[in-house]
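# Descriptive structure summary
Spelled out, the chains give:
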Amino acid sequence: MKLALFDLDNTLLNGDSDAAWANYLIEQSILDPIAHKLENDRFYSDYLNGTLDIHAWLNFQLTPLTLLPLEKLYKLRNDFINRIIRPIILEEGLKAIEHHRNQGDKLVIVTATNDFVTEPIAQLLGITQLIATQAEKTNEGRYTGKAFGTPAFREGKITRLNQWLATQNQTLADYTDTWFYSDSHNDIPLLSLVRNPVAVNPDEKLLQHARTLKWQIADFKKVGITL
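Here is a short report on the structure shown in this document.

## Some thoughts on helix H7 (residues 155-167)
Across its 13 residues, H7 extends 19 Å between first and last C-alpha, which sits within 8% of the 18 Å expected from 1.5 Å per residue. All of the buried residues in H7 are Gly-156, Lys-157, Ile-158, Arg-160, Leu-161, Trp-164 and Leu-165. For H7, the elements touching its buried residues are strand E1 (2-6), strand E2 (106-114), strand E3 (129-137), strand E5 (177-182) and helix H8 (188-191). Two residues or fewer after H7 comes Asn-169, characterised by a positive phi angle close to 55°.

## A short note on the packing of aromatic side chains
Applying the stated criterion across every chain, the model contains 10 aromatic pairs. For the ring pair Tyr-74 and Phe-116, a centre distance of 5.9 Å and an interplane angle of 35° mean the geometry is tilted. Here Tyr-74, found in helix H4 (residues 70-85), pairs with Phe-116, found in helix H6 (residues 115-124); they are 42 residues apart in sequence, far enough to count as distant. Since its relative accessible area comes to 1%, Phe-116 is described here as buried. Through a chain of ring-to-ring contacts, three or more aromatic side chains come together here, namely Trp-21, Tyr-24, Tyr-74, Phe-80, Phe-116 and Tyr-143. The cationic tip of Arg-42 hangs over the ring face of Phe-43; the distance from NZ or CZ to the ring centre is 4.5 Å.

## Considering the pairing of E3
In terms of strand pairing, E2 meets E3 through 5 bridges, oriented parallel. The residue of E3 that forms the bridge with Val-110 is Ile-131.

## Considerations on the pairing of strand E4 (residues 143-148)
As paired elements, E3 and E4 share 3 bridges and run antiparallel to each other. Considered in E4, the bridge of Ala-135 is made with Ala-147. Connecting E3 to the next strand, E4, in antiparallel fashion are 5 residues, including Gly-141 with a positive phi near 95°.

## Quick look at the side chain of Asn-196
In this fold, Asn-196 is placed in strand E6 (residues 196-200). A relative accessible area of 15% places Asn-196 in the buried class. A distance of 2.6 Å separates the side chain of Asn-196 from the side chain of Asp-177, its partner in a polar contact. Excluding anything up to four places from it in sequence, Asn-196 contacts Asp-177, Thr-178, Trp-179, Phe-180 and Gln-216.

## Looking at the nonpolar core
In summary, soluble globular proteins display a tendency toward joint burial of nonpolar side chains. Grouped together as the largest cluster of nonpolar side chains are 47 residues, with contacts concentrated most on Phe-6, Trp-21, Leu-65, Phe-80, Ile-121, Leu-125 and Tyr-181. Apart from the residues within four sequence positions on either side, Phe-80 is in contact with Ser-17, Ala-20, Trp-21, Tyr-24, Ile-85 and Val-117. Judged by nonpolar contacts, the second largest core, of 21 residues, contains Ile-158, Leu-165, Leu-172 and Trp-215.

## Brief notes about the packing of helix H1 (residues 17-27) against H4
Where H1 meets H4, the axes come as close as 11 Å, and the angle between the chain directions of the two elements is 115°. Judged on the interaxial angle alone, H4 and H1 are roughly perpendicular. In terms of crossing hand, the pair formed by H1 and H4 is right-handed. Between H1 and H4, the residues in contact are Ser-17, Ala-20, Trp-21, Tyr-24, Leu-25 and Glu-27 and Leu-73, Leu-76, Arg-77, Asp-79, Phe-80, Arg-83, Ile-84 and Ile-85, respectively. Its residues placed into classes, the contact of H1 with H4 shows 9 nonpolar, 1 polar and 4 charged.

## Points about H4
Each turn of an α-helix holds 3.6 residues, which means side chains three or four residues apart point in the same direction. Of the residues making up H4, those classed as buried are Leu-73, Leu-76, Arg-77, Phe-80, Ile-81 and Ile-85. Those residues of H4 hidden inside the fold are in contact with H1, H6 and E4.

## Focus on the sheet that holds E3
Two strands in a sheet stick together by hydrogen bonds in their backbones, pointing the same way (parallel) or opposite ways (antiparallel). On the basis of which strands lie adjacent, the open sheet formed by 7 strands has the order E4-E3-E2-E1-E5-E6-E7 and mixed pairing. Edge positions in the sheet fall to E4 and strand E7 (216-218), since each of these pairs with one other strand and no more. Going across the sheet, the axis of each strand differs from the next one's by a mean of 25°, ignoring polarity. With 5 bridges connecting them, E1 and E5 associate as parallel partners. Looking at the pairing, Phe-6 lines up with Tyr-181 of E5. Packing of helix H3 (residues 54-62) onto the sheet brings it into contact with E2, E3 and E4, and relative to E4 it is tilted by some 150°.

Calculation criteria
- Residues numbered from 1 in each chain as written.
- Predicted model: local features only at pLDDT ≥ 70, side-chain atom pairs only at ≥ 80, totals over all residues.
- Heavy atoms only, no water.
- Helix = DSSP H or I, 4+ residues; strand = E, 2+ residues; numbered from the N terminus.
- Expected span 1.5 Å × (residues − 1).
- Buried < 20%, exposed > 50% of the residue type's maximum accessible area, 1.4 Å probe, protein only.
- Contact = heavy atoms within 4.5 Å.
- Phe/Tyr/Trp six-rings, centres within 6.5 Å; stacked < 30°, edge-to-face > 60°.
- Lys NZ or Arg CZ within 6 Å of the ring centre and 35° of its normal.
- Pairing = 2+ DSSP bridges.
- Polar contact = N/O pair within 3.5 Å; in protein donor to acceptor, adjacent residues only side chain to side chain.
- Core = buried A, V, L, I, M, F, W, Y, C linked by side-chain atoms within 4.5 Å.
- Axes fitted to C-alpha atoms, helices over the stretch in contact; angles between N-to-C directions.
- Parallel < 35°, antiparallel > 145°, perpendicular 65-115°, else oblique.
- Left-handed = near helix turned anticlockwise from the far one by under 90°.
- Nonpolar A, V, L, I, M, F, W, Y, C, P; charged D, E, K, R; others polar.

Here it is in structure tokens:
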């Protein structure tokens, strides 16, 4: 029994789905472009530096979900997926997914981006298991603008993965082989737990870490990893 975990943004996608969603809402005149960019740039700088306040970022990220009726929100999301996300799916990422699917491995996307944005992307990629930061809803199904439970970020990805495995009556040790593909140094905690960590399109910090530990390094934007 084998497990293949995939980060999403800048790993399977040529870009960041959360940032793309915000830009889409700006395009639709729902968010103010100047105010949003200033705040987003600040959070992104913290993310790159490894100093991101995840809860403050999530409040910023999820607030737009409270601005529209659900029917309008889901209609916009469908257009976003078709026009913005489909063109940035990386073919080499699809090949890696298909390789593991053909091997009979269990496939899971593990992403810090919220489930409102990422659920339809996971479906598009044919992956039924998604571990994402959960956007909180009211009993009526409206979004509150807050996250629910542990965010799937840094060590939180390990927490959420272990919670999911527990629902399967499993632990990571039950798998004979494990893989995790990611681009970010923020994922070093989870990359360090699997038997086959793969640094995909890695940022500079992850690249240096991967080279030091002799992890596999892949560039899905050019040629895929040889598996």
